[in-house]
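Given next are the chains, with one letter for each unit.
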Amino acid sequence: MKLINEAEKNNYKNVWTLSEFTGGTVHPVSYELLGAARALAEAKGCEVWTVALGNIVGGEAAGELIARGADKVIVLEAPELAAFNDELECNILERLVRKYCPEILLGAATTRGRALIPRLAGALYTGLTADCTQLEIDPETGDLLQTRPAFGGNIMATIRSAGFRPQMATVRPKVMTALSPDPERSGTVIREQLEASDLCGAKEVLESVETLENTVNISDARVIVAGGRAMNGPDGFRLLERLAEKLGGAVAASRAAVDNGWIAYPHQVGQTGQTVQADLYIACGISGQIQHLVGMQSCKTIVAIDIDDTTPMMKLADIAIKGDLFEIIPEIIKELEKRRG
Amino acid sequence: MKIVVCIKQVPSAGDAKIDPETKRIVREGSKSVLNPFDLYAVEEAVRIKERKGGEVIALSMGPESAKNALIEALSMGADDALLLCDRAFAGSDTWATSYALSKAIEKIGDVDLVICGKQAIDGDTAQVGPGIASKLGMMQAANVLSVDAVSADSLTVKRMNERGYDVLRLKLPALITVVKDINFPRIPTLRNARIARKKEIPLLKPADIGADPDKLGLAASPTRVVKTAPPAVRESATLNIAGGSGEAAAALVNELSSRGLL
Amino acid sequence: MAERHIEGYHVEIIPPKQDSQKLEEDLALFASKLTRIRGSGFMASITDNAMGLLAFQGHECIEELGIDIDPDKILIHLNTFHTKQNLEEILDECRKLGIFNLLAISGDGSTRLPKLRPEDVDATGTASVTSVELTRYIRKRYPEFNVGVAFNPYEPEAHEFEKLKRKLNAGASFVITQPIIEKNAIVDKLIEMYPDLPVTIEAWMSKKLYLLSDVVGYPIPEDAEFDPIGTLKQLEKDYPQCGFYLSLLGFKTQYPVIEEMAAERAARE
């Protein structure tokens, strides 16, 4: 809500997080949000509250949220909350925010959070910063400083929402650190009830379907094993598939490999293919022409394996191994198997 | 059926070079393009129109050069295009942008469906679509994988979730944001491209859409960028692993393990 | 049939881009270039979304503008980034216009361009469609087309010759090389191995030689001196039996020189 004057800020207290449930269990990102919220609450000298909406939340889950840093857990259970319903959850949250007036509200940048939270910010007329990588309290103003990558990661922008409350931000999973659970921590559960008005304008969820399709989606993969011309044919890619499977990753390729018909185009990384942002990118026999590099430069750790150690990829890599792919990769697979026992 | 597609012009990456110091890719020069995710929105709108009849209106906000994005939408089959173009809109954050677009949609009137791309590649926030829906009190579905049934007063869609999808029935008017799996956007024919370039694209000011000037632009935006800084430099030292295949493989697995990557 | 491709010059022209902000002007320029090439008796080679940048199709421009063409003197590039429907449309429209010369290439993709799937071109035993599968499909479904293919002397030699063999087995009947700037041993070998195969050599007509860095696989300095016309003249001496494919030809100053060279060549023969 837009503030009329500076004094009005005092009406808003505490740091809230929105906890997420998938299939009746707490989504781990909820704990990460609590970890971030704890640090902010410490700086502000206030409490951490979390909101748990679901068809069944259960005492155990509420206890776990407290152990992970919540002082108060608002629980609202209703059968209508079994599947994600944007309008319904937005109505509930808008009502709770207006009732309790949190100063800060953090949500997860999951597919659900990224739909729900902007709707809520729109309804509340307040600021929202997406995908924050750092959150801190400005020591001078007490406002929330929200830092996020902008312009494709070329710049980090710090954003403030001075004249509006609550200050809202989303955080991607695995960006913040959860606290270890402390069973000694105490907290309070506040039960709220569904009201008829919450259902106003809510859609009908006809069914929810779980798919376990193994579609090629290298743009979302956390680990990628990629091969180039030196893979020498489709059999080389079978080898990469085995390695990728051991690492729980996806297989990608350079343009040369796709042009040779060894692997299908949806696997191609680079300017004329996909852009990927994996945590780990293992480039096997890819020399690293700029057209390929632009598609994978944002990966966190790059490993290159090649017989030729003068290639751009071998120089760019965080870890470079010079040698014969067809000897080294089977050894890596063996090593991983050994570790898994 | 009257469908509005909200689209955005975004900077496209220009030529790339590698900075030898940071090992990061530096992109030089940039031109503007239609936000890639919006292509799927335009395509889906045109497909619904082709199935059910009606009209598609492409709507954008930005400088006059954003007309080019609208021309692309017209070339793909949108019937009309409107551009919110005025200094008063400049500097709007996602809240103020959603407000301006929602006022334009109200002004267009009798809109059954609003379609947006899942997000714009410059901001990556995915906030404007749900922002518009909340201001117009519309039902929404973000990350729609397919539009299955379309009737005069409802829409059945598959919406992506983290474990699969939900089948939703939305009462119209509604807003959906679409992901790229939904379709393959057509490439305009030369004939359609020539016709599109001859269409007039009206430039609208706040007064034309009945928008409250106090809710537009930088001054009315709840969020404000207060600082920018370069990102942390990529660790540029390369760890070279040598030795026999077995040793090298073991060393790599150890290294990955110690970096928490396994 | 084959000799057609070796006489005279191929002049590459690029149709207007999809994002052109002066489309009518670009179309007029395209038409005037095509007409000029026709007047000179050269072959006009029209690219297909070169570099993955979206452009209009050559046949569309010819039809839409009603450009008068000599269909035997048109070569349409066709890459693997199309939908099946689009591929069939292009082939049908080319047939209607009487254009039967195609250059099948893998081509450059982009997220905006669909890629032909193996099943679209009745291909089995491959994960992706390359110029080999495309050539085979066209020759089988539309045997009236002459299909040319690319030859890259900068790729590992054995690999490239093996790929060429597959392209020829698929029904390709002529070859256009990647640009060379001097006598090239691999190209010599190509001509020696296939004495009856029409080979057209791509000659780089831009002064910016460094743009070739990615093709040749090593960096060429930006200030490298390069004389395109002089190089072409030398290549013609080295390869009198070959045709020449002129890419990035300047229409203002270079074109008249090329016309003179063609006249001299005709006089010699």
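Read on for an overview of the structure. Note that the coordinates shown come from a computational prediction; the quantities given were computed from them, not determined experimentally.

## Observations concerning the interface of chain C and chain A
- In this assembly, 11 residues from chain C lie in contact with 12 residues from chain A.
- Tallied by class, the residues present in the side of chain C that touches chain A amount to one nonpolar, seven polar and three charged.

## Topic: the sheet that holds strand β18 (residues 319-322) of chain A
- The parallel open sheet is built from six strands, whose spatial order is β15(A)-β14(A)-β16(A)-β17(A)-β18(A)-β15(B). Of all the strands in the sheet, the pair left with one neighbour each is β15 (250-253) of chain A together with β15 (239-241) of chain B. The average angle at which neighbouring strand axes cross in this sheet is 20 degrees, direction not considered.
- Pairing of strand β16 (residues 280-284) of chain A with strand β17 (residues 301-306) of chain A, which is carried by five bridges, proceeds in the parallel orientation.

## Section: the packing of helix α5 (residues 234-247) of chain A against helix α9 (residues 325-340) of chain A
Residues and elements named next belong to chain A.
- Taken N-terminus to C-terminus, the directions of α5 and α9 make an angle of 25 degrees; their axes are 10 Å apart at the nearest point. If you check the angle between α5 and α9, you find them roughly parallel. Our pair here, α5 against α9, has a crossing hand that is left-handed. Packed against α5, whose contacting residues are L239, R242, L243 and K246, the element α9 presents I329, I332, I333 and L336 at the interface.
- Looking at side-chain class alone, the contact of α5 with α9 contains six nonpolar, no polar and two charged residues.

## Things to note about the interface of chain A and chain B
- Taken together, the contacts link 70 residues of chain A with 60 residues of chain B.
- The biggest single contributor to the side of chain A that touches chain B is helix α4 (residues 111-124) of chain A, with nine residues.
- Its residues assigned to classes, the side of chain A that touches chain B shows 34 nonpolar, 16 polar and 20 charged.
- Relative to strand β11 (residues 164-171) of chain B, strand β13 (residues 204-210) of chain A runs antiparallel, the two sharing six bridges. Each residue of the ladder has a partner; that of A:V209, found in β11(B), is B:Y165.

## Some remarks on the sheet that holds strand β1 (residues 2-6) of chain B
- Pairing in this open sheet of 10 strands is mixed, and the strands run β13(A)-β11(B)-β10(B)-β9(B)-β12(B)-β8(B)-β1(B)-β6(B)-β7(B)-β13(B) from one edge to the other. Only two strands of the sheet have a single neighbouring strand rather than two, namely β13 of chain A together with β13 (203-204) of chain B.
- Bridging between strand β7 (residues 80-84) of chain B and β13(B) involves two bridges; their strand directions are parallel. Bridging from a neighbouring strand, B:L83 pairs with B:L203 of β13(B).

## Quick notes on helix α2 (residues 58-67) of chain A
- Restricting attention to buried positions, one finds in α2(A) the residues A:A61, A:A62, A:E64, A:L65 and A:I66.
- Elements in contact with the buried residues of α2(A): β1 (15-19), β3 (25-26), α1 (29-44), β4 (48-54), β5 (72-77) and β12 (188-191) of chain A.

## Notes on unusual backbone geometry
- Here the bond from A:R165 into A:P166 is cis, since omega is -5 degrees, no more than 30 degrees from zero.
- Relative to the assigned elements, A:P166 resides in the loop between β10 (155-160) and β11 (167-171).
- Residue B:P173 is reached from B:L172 by a cis peptide bond, and omega for that bond is 0 degrees.
- Positionally, B:P173 belongs in the loop between β11 and β12 (174-178).
- The residue B:D110 is not glycine, and still its phi comes out positive at about 55 degrees.
- Relative to the helices and strands, B:D110 resides in the loop between α3 (94-108) and β8 (113-117).

Thresholds applied
- Residues numbered from 1 in each chain as written.
- Chains lettered and ligands numbered in written order.
- Predicted model: local features only at pLDDT ≥ 70, side-chain atom pairs only at ≥ 80, totals over all residues.
- Contact = placed C-beta atoms within 7 Å.
- Nonpolar A, V, L, I, M, F, W, Y, C, P; charged D, E, K, R; others polar.
- Pairing = 2+ DSSP bridges.
- Helix = DSSP H or I, 4+ residues; strand = E, 2+ residues; numbered from the N terminus.
- Axes fitted to C-alpha atoms, helices over the stretch in contact; angles between N-to-C directions.
- Parallel < 35°, antiparallel > 145°, perpendicular 65-115°, else oblique.
- Left-handed = near helix turned anticlockwise from the far one by under 90°.
- Buried ≥ 20, exposed ≤ 12 C-beta atoms within 10 Å, placed from the backbone.

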